[in-house]
Amino acid sequence: MTSNDSDVREVLHRATDHLVGPPGLLGEVRRGGRRRLVRRRAVLAAVCAAVVAVPLGGALLLTGDAREAQVAVPLLDVPTRGDLAGDESYLRQVREAWHRRLKQTETGVSGEPHIVWAGTTPAGPAAYVVHRASDNVVVSEPANDRMVAVAAFVEPTADGPRVMTMETVTDAGTDGNSQAALLGPQRDVLLVLDFGQPVQFSPTLEYLSDGRVERRFQPVVFRDGAAVLAVRPQRTKITVGLSRTPIRQENVVHIVNATDILFPNGDSPSPTLLRYALPGVEQVWGGDPTTAEYQNAPGGQEVSAQGTEALADYIDPVGTHRGDGSPLLSVYGSAPDGRRLLVETIQYDDEPARVIALLARDDAPFQAVASTFADWSAPLPVRLRLPDDQGVLVAAEGAALSYRIGDGAWQGAGRNVALLPADATAVRVTDASGTVRTVPVTS
Amino acid sequence: MTDSRGAEFDDFVRTRSLVLLRVAFLLTGDRHAAEDLLQEVLEQVYVRWRRVRSSPEAYARRALVNRSINRWRWRARRPEQALGAHDRVARDHADGVAVREVVVRALRALPARQRVAVVLRYLEDLSIADVASAMGCSEGAVKSHAARGLSRLRVELAESQPVLTLPDNGSSR
């Protein structure tokens, strides 16, 4: 590069100086990324051998060398395991079901399917089948992962073996593939395949009194290629969790029919987003974070703590959940000691919403400092005391709020949300219909 | 559904998305398309995080280049939205908008790979080797694309002199 190039550099920079980061980009990326992960594991219906581009964890590129030498598929190289490995009658039924499914999906395969595992479970006989792909097409770019096979669990039904969701297997390995399935009409049998790595199992998600999540894990003991676990019925929500070690989100073991259970009729109801700014928010946030202007402005603070380390104790590390349409609350303000205040809710399935208060000084990362449960059916759904005498955060959508200290006079505190003085003793909530209720502030 | 890629991914998005958006804007010539492109690429990074976390920006840049080239191939068949229609926001000065339009128009006149080479080399100040990695070609090809692209871009920009005042050669940045 010579000094004479500086004119071009300058003009390219001037042409892009107006750009600011899209508002809410991080949240959108995370949501989109999660959708892609689900899609990546989801139905492989109609991946035609002909040229049809389907996004499976990225753009599907049919490259010119798609028919080059076959890539090794380790799952095809292991003998069938499980106590039904020698049951030719059952294996034949599985192969017939598999071929019926292949016809429906027009999936391009070569050779015969390989039954990796076949065994009895309390829900009936089950299996896992892998079939080499006829073309090793590139299914993601620029990583250039190639499709090497298709695979699926086979579940027992009253009509015989049924092939569950078919997934692509790529030369990147099986980490992205489902390794478990919930079987039986009550979905109370968890079949976990042995892919050669230790797996930890948690039967249920629990909450501590302050809303932090708690999971207890136990090692999955594989026998002859799989483990069969009895679990509580998982018909409407998934409480179980599986993870390779170490236990963390990146190591989650996917359950093939989790999304079918969670979203039997499509997507989950959208939550009502309640975003409020407390008086004086501009002093520490540099503006009103609820506005598009703020989110568009360069240098604006991150307006959500979702996905950050600060909320790690409140996030299920291995579970799969949906929303039930309950409100999602975000409150922006300043604490009396000058720290930035952010209050957010997290809610899974039909379980209570957790309310978490976070504080940050200047540009330092947020720290979760207090939390509780919200009760959206109560006159005052949110009441959360901040530490260090920083006040009590209260919220009631659409209501006028006032408070008093002891027997003192009632002080107006605005609508929807307020940060009350730490020594406030009662809140008066006047809802949209004019009904007045008084709620003590005792904790 | 809830999951977390951890603070590392969040930091990457927070700190590098504006730089990538600038590249995407000059490669696509359209702010909305650039934002869409950026989001698509970052989602791809999210999905691939375990494999790309050691060099997520290089991965994202490569994906950006590939997708932008493909997009440019079919954009000619679709009517293009006028830049000024949605980019002329209140805080912009008229000359800023003019510069933008001229530069985007000039970049559009370049073949796709010359445009990519110019943008990565002169907006991002990447080395020849890094541009070659992003474009998936040899360093020699990058030099050739960049030189031709730069030459042609100068011609295109020079034709817009009544609108665009180029800074003096050698001015520092």
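As a starting point, this report considers the structure included with it. Predicted, not measured: the structure shown is a model, and the values here were computed from it.

### Section: the packing of helix α1 (residues 6–28) of chain B against helix α7 (residues 112–123) of chain B
Residue and element names in this part refer to chain B.
Then, in step 1: Following both chains from N to C, one finds α1 and α7 inclined at 150°, their axes separated by 10 Å at the closest point. Judged by the inter-axis angle, α1 sits roughly antiparallel to α7. Here α1 runs over α7; the crossing is right-handed. Along its contact with α1, which presents Arg22, Val23, Leu26 and Leu27, the element α7 presents Arg115, Val116, Val119, Leu120 and Leu123.
Then, in step 2: Taken together, the residues that form the contact of α1 with α7 break down as seven nonpolar, no polar and two charged.

### Things to note about the pairing of strand β4 (residues 160–163) of chain A
Residue and element names in this part refer to chain A.
Then, in step 1: Where strand β3 (residues 147–157) and β4 come together, four bridges link them in antiparallel fashion. Along β4, the bridge assignment pairs threonine 157 with glycine 160.
Then, in step 2: The turn linking β3 back onto β4 is made up of two residues.

### A few points about the environment of Tyr122(B)
Then, in step 1: Within the fold, Tyr122(B) resides in helix α7.
Then, in step 2: Judged by C-beta crowding, with 24 C-beta atoms within 10 Å, Tyr122(B) ranks as buried.
Then, in step 3: Residues Tyr122(B) and Ala146(B), spaced 24 residues apart in sequence, show a C-alpha to C-alpha distance of 9.0 Å.
Then, in step 4: If near-sequence neighbours (up to four positions away) are discounted, Tyr122(B) is found in contact with Asp5(A), Val8(A), Arg9(A) and Leu12(A).

### Observations regarding the packing of α7(B) against helix α8 (residues 128–135) of chain B
All names here are of chain B.
Then, in step 1: Packing of α7 against α8 leaves a shortest axis separation of 10 Å and a crossing angle of 135°. Taken together, the axes of α7 and α8 lie oblique to each other. Read as a crossing pair, α7 and α8 show a hand that is right-handed. Of the residues in α8, those in contact with Arg113, Val116, Ala117, Leu120 and Arg121 of α7 are Val131, Ala134 and Met135.
Then, in step 2: The class makeup of the residues in the contact of α7 with α8 is six nonpolar, no polar and two charged.

Reading guide: rules and limits
Residues numbered from 1 in each chain as written. Chains lettered and ligands numbered in written order. Predicted model: local features only at pLDDT ≥ 70, side-chain atom pairs only at ≥ 80, totals over all residues. Axes fitted to C-alpha atoms, helices over the stretch in contact; angles between N-to-C directions. Helix = DSSP H or I, 4+ residues; strand = E, 2+ residues; numbered from the N terminus. Parallel < 35°, antiparallel > 145°, perpendicular 65-115°, else oblique. Left-handed = near helix turned anticlockwise from the far one by under 90°. Contact = placed C-beta atoms within 7 Å. Nonpolar A, V, L, I, M, F, W, Y, C, P; charged D, E, K, R; others polar. Pairing = 2+ DSSP bridges. Buried ≥ 20, exposed ≤ 12 C-beta atoms within 10 Å, placed from the backbone.

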